[in-house]
Each structure stands twice: as structure tokens, then as C-alpha cells.
Amino acid sequence: MNDRIFLSPPHMSGKEQQYIAEVFESNYIAPLGTFVDRFEEAVCSYTGAKHALATNTATAALHLALRVLGVEEGDYILASTFTFIGSVNAILYQNAKPIFVDSDESWNLSPALLQEAIDNAPRKPKALIVTHLYGQMAKMDEIMEICRKEGICVIEDAAESLGAMLHGRQSGRFGDMGVYSFNGNKILSTSGGGMLISDNGEWIEKAKFLSTQAKEPYLHYEHKEFGYNYRLSNVLAAIGVAQMEVLSKRVSRRREIFALYQKRLGKESTVSFMPEIEGSTGNRWLTTLTFDEHDPMDVIEQLAHANIESRPLWKPMHLQPLFKHSMAVVDGTSERLYHQGLCLPSGSSMSDADVMRVCNTVSGILR
Ligand SMILES: *Cc1c(COP(=O)(O)O)cnc(C)c1O
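Residues numbered from 1 in each chain as written. Predicted model: local features only at pLDDT ≥ 70, side-chain atom pairs only at ≥ 80, totals over all residues. Heavy atoms only, no water.

Structural notes on the domain arrangement of the chain
Here is the rule: Where each domain starts and ends comes from a domain assignment, either automatic or drawn from a database. Residue contacts are defined here by distance: any two heavy atoms, one from each residue, within 4.5 Å place the two residues in contact. Two parts lose some accessible area (1.4 Å probe) when they are put together, and adding that loss for both gives the buried area. Salt bridges are defined as contacts in which a side-chain nitrogen from Lys or Arg sits within 4 Å of a carboxyl oxygen from Asp or Glu. Any N or O atom pair separated by 3.5 Å or less is treated as a polar contact, with the protein-specific requirement of one donor-capable and one acceptor-capable atom, and with residues adjacent in sequence counted only for side-chain atom pairs. Runs of E in the DSSP output that reach at least two residues are strands. Runs of H or I that reach at least four are helices, and both are numbered from the N terminus. Polarity classes work like this: nonpolar for Ala, Val, Leu, Ile, Met, Phe, Trp, Tyr, Cys and Pro, charged for Asp, Glu, Lys and Arg, and polar for all others, with Gly in that last group.
Domain annotation for the chain reports domain 1 (16-244) and domain 2 (247-366). One C-alpha centre belongs to domain 1, the other to domain 2; they are set 25 Å apart. Across the contact, 45 residues belong to domain 1 and 42 residues belong to domain 2. Between domain 1 and domain 2, a total of about 3,800 Å² is buried, with carbon and sulfur atoms accounting for 68% of that surface. Together, W107, Y134 and I187 form the three largest contributors to the area buried by domain 1 at its contact with domain 2, with a combined 22%. Summed over the shared surface of domain 1 and domain 2, the result is 0 salt bridges. The tally of links between domain 1 and domain 2 comes to 22 residue pairs in polar contact (both at pLDDT 80 or more). Elements with a minimum of two residues in the side of domain 1 that touches domain 2: β3 (97-101), α5 (111-120), β6 (165-166) and α8 (234-244). Taken together, the residues of the side of domain 1 that touches domain 2 sort by class into 26 nonpolar, 12 polar and 7 charged.

Next up, the structure:
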């Protein structure tokens, strides 16, 4: 039997254990320490963000973003429907109401439907959470123009898109705040971790306060509002510092893997890959494609028989039982993509031979 090819396994640089050893020497086995600071600085210097806060997950970072913006019970929050649940759970944590917006041909949020959702909202939505799906940039020029005109704050869910760019600007840097994930399956991994970025230092200070139990600045533990325990461990931040050092290599390799798939499978007339919008360079976190004539569930099953892990595309939020009563402005685009698409193994540690093995298996299934 061939070795198993995983969808997107962690890919360590080799420096992680050295940095972890430094953490142990310092004995800052805690959710603070020099590596937490260094990790935040590394993300700022790579992305150009002015301020960053390391959190234990991206989900927590999104929750902090909503708290900082003062999102409360009953508020409306616009969100991409074609995304992972972690993008929108925080809306529910705040007892706010999501309004889901469908995708366009970019697979990401449709600016036209966004405008329609704003026009038809019962009240002015407080914020938009926009996902850069599978590492490819959403149409941020159009989206920011609409949201600036309407006075709606924008939070970029860049959990999947660390290192992706539009007009040379990093994902996460277009909106008022941005969020990255370092979960086990993302382009970089600290096993679990997140980062909130913004150019607004007061917001990041406030998020830091909320992420550390909202302790007022007194020795005796005074509390005026409630917070969370959302900070990242110094041990995991050490992994993050080592991972950030190889981010551009990881983006290049994922893009190479995508190009190999496209070269080899693009010849199949019934296959289409997720596009990249003009002026952008995605990180190609996952190579995703749709079939015209084949059921992706069949393909996934047959790949599994060949010991290759693949997955369906995210099931859109407006189709989830959890959100059956939520508002949605949809035109069937993400639903169609969901029924036709799948994610291929895309880990940066894959060899070209691994990619060829997946291609040959897929080609065999399609014939
Ligand atoms: C992974 C992911 C999240 C959640 O990230 P965690 O760090 O696991 O909390 C949020 N949104 C999207 C689009 C994701 O892919």
C-alpha cells in the first residue's frame, strides 16, 4: 500500500524545537513571554500591520474583534456564507444575527450581493466578516468601497490566507481588523493559535485586555467588565516564530503544487480550478476544483481507497441546520460549488511525485 497523503499536514521548519528549548530555559511556560512578543512582531513585519495580538485560536481573535467593535445582542453582522464555521461562530457568541452573503465567480463574497444585503437589512449591519477562501483574495477594492460608503466596519477572516496579496498588499490589511489562524491544517501551524491585527492600537490594546480576563490595572484583581482567557502560550509562540521565518517558502511551494495540479489535471475538460482575481496572488492553501460531470463524493471515496485524503468544499453557512432561521442573500453560487467541488492534498511538504500520484489517481477516476 502507498503511504497516506494527507490534505494539509503541519510542516515544521526545523527551528521550532530550538526555540521551544529557549522557552524552557527561560521557564516562561505561560501565556506570555518574549516569544509571544516576537511572534506578534514577526506577523507585523511580514504583513505590514501596525499592531498584532496573539491568541489561542483565530476563532477567539474574531470574537475579540466583535467585542472591540461593541457588537451586542441583536446586532446584524454580514458574513461570507461560503466559509468555515469558525468564521461566524463569534457572531453567535455575541447573540448577534448573521446575514450571509453568497459568492460570485471568484468563489469569494459577491460585492453586488453585499450591497443588496445592506440595502435589505432590517437595520444597518455593524460589521462584515469576509473570508479569503482557500487562500485566494476576495474582491477587497469593491468590498471596502461599499463598506466605507455605508459606514460598516470590515473584519477580514484571513485564517486561510496568510501570505496572500492583492496589489502587493497582504490579506488581512484591507479591513479595519484582520485575523490569521495557525491551526494544525493551515499554511503555518503552531498546533493551535491565532492572530488579530489592526492599525488601530487602541483596539488591539482593548482586545489584549479582554483576552486576559479584563483585569483592571490594580494588584488586587478589580473587574468592571467580563473578558476571556484567549492568550497564546509562549511555547506555541516559539513554534510560531520559527514558522513565520519560512512563510514565503511555504506560499511558493503551495503555489507550485497548485501549478502542478493545474498543468496535469487542467487538460481534463470537465475540471475547473478556483480562480485568482486580477492583481492578486493567493497562497493556494488548498488546491480546490470543481467537476462538471462527476460527483465529488465519489471521487473523495475513490481517492480514499488509494490512501489519499481529500475533502468536500465547505458547506455554505446558509445551508447549515444551525442557521436555518438566519437571513441570507444568495443566488445559488456557493451551493453549486459545494455540490461540484473538492479540496486536493496541498501540504507544502508534498513531493512532486506525491502530486503526480494524486493526479494519476484523479485522472483514472475521471476516465
Ligand atoms: C480555520 C478557520 C477558522 C478558525 O481558525 P481557528 O484558529 O481554528 O480558530 C476561521 N475561519 C476560517 C475561514 C478558517 O478556515
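What follows picks up the thread again.
What about the sheet that holds β6?
Where we set the bar: The criterion for strand pairing is that DSSP finds at least two bridges linking the strands in question.
Spatially, β7-β6-β11 is the arrangement adopted by the 3 strands of the open sheet, whose pairing is antiparallel. Strands at the two margins of the open sheet, each flanked by one partner only, are β7 (169-170) and β11 (280-281).

Some points on the side chain of D157
Convention followed: Only protein chains enter the calculation, and the probe is 1.4 Å; a residue is then buried if its accessible area is under 20% of its type maximum, exposed if over 50%, and partly exposed in between. Only four residue types enter the charge count, namely Lys and Arg as positive and Asp and Glu as negative; His and the chain termini do not.
Tracing the chain through its elements places D157 in strand β5 (residues 153-157). Here D157 occupies a buried position and makes no salt bridge, while the nearest side chain of opposite charge, K186, is found at 7.4 Å. Among the polar contacts listed, one links the side chain of D157 to the side chain of S87, at a separation of 2.7 Å. Those residues within four positions of D157 in sequence are excluded, and the remaining contacts are L62, T83, S87, I129, V130, T131, H132 and V179.

Concerning the pattern of salt bridges
Counted according to the given criterion, the structure contains 15 salt bridges. A salt bridge links D104 to K139, with the nearest nitrogen and oxygen atoms 2.7 Å apart. With a gap of 35 residues between them, D104 in the loop between β3 and α5 and K139 in the loop between β4 (127-131) and α6 (140-150) connect regions that are remote in the sequence. In this structure, D104 and K139 share a single accessibility class: buried. A salt bridge links E276 to R284, with the nearest nitrogen and oxygen atoms 4.0 Å apart. According to the relative accessible area criterion, E276 is partly exposed, its value standing at 27%. Its relative accessible area of 4% is what places R284 among the buried residues.

Brief notes about the nonpolar core
We apply this condition: Within this scheme, the nonpolar core is defined by two criteria: the residues are buried Ala, Val, Leu, Ile, Met, Phe, Trp, Tyr or Cys, and they are joined through side-chain atoms within 4.5 Å.
Grouped together as the largest cluster of nonpolar side chains are 41 residues, with contacts concentrated most on F39, F182, M195 and M244. Mapped by element, the contributors of at least two residues to this core are α1 (16-26), α2 (34-47), β1 (51-55), β9 (194-198), α8 and α9 (247-265). For this core, the element with the highest residue contribution is α8, accounting for 7 residues. For this core, the two domains that each supply at least three residues are domain 1 (16-244) and domain 2 (247-366). Not counting residues within four places of it along the chain, the set of residues in contact with M195 comprises F39, E40, V43, A52, L53, A54, T55, A61, G178, V179, Y180 and F182. Counting 34 residues, the second largest nonpolar core, distinct from the first, contains A61, I204, A207 and Y230.

Here we look at the site of the ligand
Selection rule: Working definition: residue near molecule or strand if any one of its non-hydrogen atoms lies within 4 Å of it. The protein chains shown are the only cover counted for residues, whose accessible areas, like all others here, come from Shrake-Rupley with a 1.4 Å probe.
Taken together, 15 residues lie around the ligand, and T59, D157, E160, S181 and K186 are the ones closest in. Between the ligand and A58, the relevant distance is 2.8 Å, taken from an oxygen atom to a main-chain nitrogen or oxygen of the residue. A distance of 2.7 Å is found between a nitrogen atom of the ligand and a side-chain nitrogen or oxygen belonging to D157. A total of 380 Å² of accessible area belongs to the ligand in isolation, and the protein chains cover 94% of it. Split into classes, the residues belonging to the shell around the ligand amount to 3 nonpolar, 9 polar and 3 charged.

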